[in-house]
Amino acid sequence: MPERIETMDDVPSIKAFELPLSVKSNEPVNGEYRLLVLAAPRDILKRCRAGQFFHLLCPQAGGETPYLRRPMSIYGFYPEKGELHFLYKVTGAGTRALASLALGDRLNVLGPLGEPFTIADDWQDLVLVARGVGLATLAPLALEANRLGRRLTAICSARHPDYLMSTDYFASLGADVITLTDAEGTSDLDNLERVIEGLVATGRADAFYTCGSNRMLRLLQTIGERHGIPGQIALEQQMACGIGMCHCCVRPFNRGDRQVHLRVCREGPVFDMMEAIAW
């Protein structure tokens, strides 16, 4: 049985599991990103929700010794297949170590952690906006929206068409996929605003969902306030413990008429889009 870790905090019923999982595959998706597939028990996968993350204990490889765990958004969880998926970009010692994992290797994971996305009953037309690896966080949300019979528009942005990811996956879930790239000169904020305003004008935007980007956050906040459209954002933040004890990931939020400080790992990583403060 996996080790049960109870977080003794203001919500003591929330639990996470720490356990070693076996690597099923770890292959490049394109020139920048890789897909890591782990074999996972069904009871763990059934606890996962869109927007949550796992804290990964990266192996020691190539003479590098990553000390802290790395938070990684869930890209996919499939109880029927017993698989847990992560999409990641190799950027430093931790992700270089992850890239060294091969079939049958074991990876220690802690999770699922954090607060997930929610879909209100009256949000029928959902707009997903993300760039690069931020799309990984929104993929499980698209699957849940499809299960609920909601209409989806996925706006996917990248530096180059070769680096666009998950577009086929979103399309397979019935999403209207809009791609914007730097190379084609379509990814600037002015054009993104025109695209989103077009969706609003045709009644295809009941709620916005995004991940990470401060520029996109500011734009969606502006459009949301202009038209009274709500939204949620999954925030990226450096973390140490991942369970709310170290307060490493605290950042400010606007809540009502005051500013509060919340932990991204525990009160998030998903927050009300209008409360988040872009850094």
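Residue numbers here run from 1 along each chain, matching the order of that chain's written sequence. Totals for whole chains, interfaces and linings use every residue, but because this is a predicted model, local features are given only for residues with pLDDT of at least 70 and side-chain atom pairs only at 80 or more, for both listing and counting. Only heavy atoms go into the side-chain values, all of them from the structure, while hydrogens and water stay out.

Asker: What is the right way to look at the nonpolar core in this model?
Answerer: Soluble globular proteins tend to bury their nonpolar side chains together. What is meant by a nonpolar core is a set of buried Ala, Val, Leu, Ile, Met, Phe, Trp, Tyr and Cys residues, joined one to another through side-chain atoms within 4.5 Å. A 1.4 Å probe rolled over the protein chains alone gives each residue an accessible area, and that area as a share of the maximum for its type sets the label: buried under 20%, exposed over 50%, partly exposed in between. Core analysis: the largest hydrophobic core is formed by 35 residues, its most contacted members being Val129, Ile155, Leu192, Ile196 and Phe208. Listed by contribution, the elements that provide at least two residues to this core are strand E8 (106-113), strand E9 (125-131), helix H5 (189-201), helix H6 (214-227) and strand E15 (258-263). We call two residues contacting when some pair of their heavy atoms lies within 4.5 Å. Those residues in contact with Ile196 that sit more than four places away from it in its chain are Val129, Ile155, Phe208, Leu220 and Ile223. Ile119, Ala154, Cys156 and Ala175 belong to the second largest nonpolar core, which has 25 residues in total. Labels follow the DSSP assignment, with helices taken as runs of H or I lasting at least four residues and strands as runs of E lasting at least two, numbered in each case from the N terminus.

Asker: What's the story with the environment of Leu164 in this structure? I'm lost.
Answerer: Along the chain, Leu164 turns up in the loop between strand E10 (151-158) and helix H4 (167-172). Through-space distance from the C-alpha of Leu164 to that of Asn30 is 8.9 Å; in sequence the pair is 134 residues apart.

Asker: What is the right way to read the pairing of E15 from this model?
Answerer: Walk down a regular strand and you will see the side chains alternate between the two sheet faces. In the sheet, strand E14 (residues 250-255) pairs with E15 via six bridges, with the strands oriented antiparallel. If you follow Phe253 over to E15, its bridge partner there is Val260. Only when DSSP finds a minimum of two bridges between them are two strands counted as paired.

Asker: I tried to follow the packing of H5 against H6 on my own but got confused; where do I start?
Answerer: In a packed pair of helices, the relevant descriptors are the angle between the two axes and the axis-to-axis distance. Two numbers describe how H5 lies on H6: the axes approach to 11 Å, and their chain directions differ by 35°. Crossing geometry of H5 relative to H6 is assigned as right-handed. Residue-level contacts link Leu189, Leu192, Glu193, Ile196, Glu197 and Val200 of H5 to Arg215, Met216, Leu219, Leu220, Ile223, Arg226 and His227 of H6. Just so you know the grouping, Ala, Val, Leu, Ile, Met, Phe, Trp, Tyr, Cys and Pro go in nonpolar, Asp, Glu, Lys and Arg go in charged, and all remaining residues, Gly too, go in polar. Residue composition of the contact of H5 with H6, grouped by class: eight nonpolar, one polar and four charged. Axes here refer to lines fitted to C-alpha atoms; in helices the fit is confined to the stretch in contact. Angles between the N-to-C directions go from 0 to 180 degrees. For any pair of crossing helices, the crossing counts as left-handed if the nearer helix is rotated counterclockwise from the farther one by less than a right angle, and right-handed if it is rotated clockwise.

Asker: What is the right way to look at the sheet that holds strand E16 (residues 270-272) in this model?
Answerer: The pairing of strands in a sheet comes from backbone hydrogen bonds and takes either a parallel or an antiparallel form. One open sheet holds the six strands; their spatial order is E11-E10-E9-E12-E13-E16, and the pairing between them is mixed. Strand pairing shows two members of the sheet lacking a second neighbour, strand E11 (176-181) and E16, which therefore form its edges. Each strand axis lies, on average, 20° off the axis of its neighbour in the sheet, ignoring direction. Pairing of strand E13 (residues 231-234) with E16 involves three bridges; the strand directions are antiparallel. Paired with Ile233 across the strands is Phe271, a residue of E16.

Asker: Can you walk me through the environment of Ile155 in this structure?
Answerer: Within the fold, Ile155 resides in strand E10. Dropping the residues within four chain positions of it, Ile155 is found in contact with Val127, Leu128, Val129, Ala130, Ile178, Leu180, Leu192, Val195, Ile196 and Leu199.

Asker: Quick question: what am I supposed to make of the side chain of Arg69 here?
Answerer: Tracing the chain through its elements places Arg69 in the loop between strand E4 (53-57) and strand E5 (70-73). Side-chain atoms alone can form a polar contact between residues adjacent in sequence; in general such a contact is a pair of N or O atoms within 3.5 Å, and within protein one must be able to donate a hydrogen while the other accepts it. A polar side-chain atom of Arg69 sits 3.1 Å from the main-chain carbonyl oxygen of His55. Looking at Arg69, its side chain comes within polar contact range of the side chain of Asn108, at 2.6 Å. Apart from residues lying up to four places away in sequence, Arg69 is in contact with Glu18, His55, Leu56, Leu57, Asn108, Val109, Leu110 and Met239.

Asker: I tried to follow the pattern of salt bridges on my own but got confused; where do I start?
Answerer: One side chain can pair with another of opposite charge once the charged atoms of both are near each other. Note on definitions: salt bridges are taken to be side-chain nitrogens of Lys or Arg within 4 Å of carboxyl oxygens of Asp or Glu. Under the criterion given, the structure shown has 13 salt bridges. Residue Arg226 pairs with Glu197 through a salt bridge whose shortest N-O separation is 2.3 Å. In this pair, Arg226 sits in helix H6 while Glu197 sits in helix H5, placing the two residues 29 residues apart along the sequence. Overall, the relative accessible area of 44% leaves Arg226 in the partly exposed class. Of the charged contacts in the structure, one is a salt bridge between Arg255 and Glu275, with a shortest N-O distance of 2.9 Å.

Asker: In this structure, what is going on with H5? I would like to understand it.
Answerer: Each α-helix turn comprises 3.6 residues. Residues three or four places apart therefore point the same way. The end-to-end C-alpha distance of H5 is 18 Å, a good match for the 18 Å that 13 residues give at a rise of 1.5 Å each. When we look at burial in H5, the residues that qualify are Asn191, Leu192, Val195, Ile196, Leu199 and Val200. A positive phi of about 70° marks Gly203, the residue just after H5. Each residue after the first adds 1.5 Å to the expected span of a helix.

Asker: Sorry if this is basic, but what is going on with the side chain of Gln221 here?
Answerer: Within the secondary structure layout, Gln221 lies in helix H6. Taking relative accessible area as the criterion, Gln221 reaches 15% and is therefore assigned buried. Here Ala276 takes part through its backbone oxygen, which lies 2.8 Å from a polar atom of the side chain of Gln221. Leaving out residues up to four positions away in the same chain, Gln221 has contacts with Met273, Met274 and Ala276.

Keep in mind that these numbers describe shape and distance, not what the molecule does.
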